[in-house]
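Overview (structure and organization)
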Amino acid sequence: LFVIRVGGADMPITISLLNSLSGVAGGIAGMAVGDPLLVCVGGVVGASGLLLTQNMCKAMNRRLSAILTGATSAPQPAAVPGTQPEEPAPADDAQEAKAAPAEEERFTEEAAAELVRKAKKVILVAGYGMALSQAQGDVAQLARALTRNGAEVKFAIHPVAGRMPGHMSVLLCEADVDYDALYMMDDINPEFAQCDIAISVGANDVTNPAANTAEGTPIYGMPVLSLCDAPYRIMCCFDTKPGYAGVPNPLFTDPRTLFLEGDAKDSVQKILGWLA
């Protein structure tokens, strides 16, 4: 009943809090049986769990009370007066066609396949959708195929992607991914701009650049992976709906993004087919 309203990216914070409470329970048990060692160990577990919970709340830009009450989304901020664009003055068709900027060419599946085959540096982003689809083995297979093709492959890991801290790292290591290939957010973010292409598997909120601009939303101010800095990107997600935070991800419709909708395992297998 305590955690039934909690879900998505808030679950790691709740697990940390429950770990802290387990330490408190252990300390109280130590008092009951007169065991000073159990009291000390319980106090250490309780204090460290509480500090971790506090740090994770700060990293996610969330209040613990909002997490435990299930407050997962915020209303769309009202438009600020005076910021609405003015209606353009009427113009004839020739003038309008001349003034209209050319639409940026979209990143097509054919172009993505060609770039994946020629890429020399690729960053793979592991998200919660990868865990739901149990696609970590397929992602590891993709990494090996890219490496055999001559590419340098690195994995970008957000600290709170998944059900608990380190969830993505554990899944990938179980799939025989070398731990040295896993890079935490602060270490990998500067490298997104230097890669040829980034491939995101089941990651939404932790890559959403709206965290830097969408004031009044649950993810505003939350550190995210700089997927938006990659010159081209492939995003494998189940659908185009907003993530748990309820904030649409503008990368889904960006011209330099190829969005592969559907089960992550199937999408990764499709990319593997390009390298066959």
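Higher on the page you've got the structure.
Report follows, based on the coordinates. (Residues numbered from 1 in each chain as written. Predicted model: local features only at pLDDT ≥ 70, side-chain atom pairs only at ≥ 80, totals over all residues. Heavy atoms only, no water.)

1. A word on a nonpolar patch on the surface
As a reminder, the rule being used: The residues that make up patches have over 30% relative accessible area and no salt bridge, and they are joined within 9 Å when like-charged or within 5 Å when they are Val, Leu, Ile, Met, Phe, Trp or Tyr. Where accessible areas are quoted, they stem from the Shrake-Rupley method and a 1.4 Å probe; at the residue level, only the protein chains shown are allowed to cover. Here a salt bridge means any side-chain nitrogen of Lys or Arg lying within 4 Å of a carboxyl oxygen belonging to Asp or Glu. Counting from the N terminus, the helices are the DSSP runs of H or I reaching at least four residues and the strands are the DSSP runs of E reaching at least two.
On the surface, F2, L18, L21, V24 and I28 cluster together into a nonpolar patch covering about 430 Å² of accessible area. Relative to the elements of secondary structure, F2 occurs in the segment before helix 1 (11-33).

2. Examining the packing of aromatic side chains
Under the convention used in this document: Ring pairs are drawn from Phe, Tyr and Trp, using the six-membered ring of Trp, whenever the two centres fall within 6.5 Å, and their geometry is named by plane angle: stacked under 30 degrees, edge-to-face over 60, tilted for the rest. Exposure categories follow from relative accessible area, calculated using a 1.4 Å probe and restricted to protein chains: below 20% of the type maximum is buried, above 50% is exposed, and the middle band is partly exposed. Cation placement over rings: the criterion is NZ of Lys or CZ of Arg within 6 Å of the ring centroid and within 35° of the ring normal.
All chains considered together, the criterion is met by two aromatic pairs. Consider the rings of F107 and Y232, whose centres lie 4.7 Å apart with planes at 40°: the pair is tilted. Of this pair, F107 sits in the loop between helix 4 (93-99) and helix 5 (109-118) while Y232 sits in the loop between strand 4 (197-201) and strand 5 (233-237), and the two are 125 residues apart along the sequence. Given a relative accessible area of 8%, F107 falls into the buried group. For K154, the ring lying beneath its charged end belongs to Y183, and the centroid distance is 4.8 Å.

3. Structural notes on the nonpolar core
Our working rule: To qualify as a nonpolar core, a set must consist of buried Ala, Val, Leu, Ile, Met, Phe, Trp, Tyr and Cys residues joined through side-chain atoms within 4.5 Å. Contacts are assigned to residue pairs that have any heavy atoms within 4.5 Å of one another.
Counting 59 residues, the largest nonpolar core has L124, M130, F155, L172, F192, I234 and I271 as the members making the most contacts within it. Here this core gets six residues from one element, more than from any other, and that element is helix 7 (residues 136-148). With near-sequence residues (within four places) excluded, F192 lies in contact with I123, V125, A156, A198, L225, S226, L227, D229, A230 and P231. Counting residues in each nonpolar core, the second largest holds seven residues, with A210, I219, M222 and V247 among its members.

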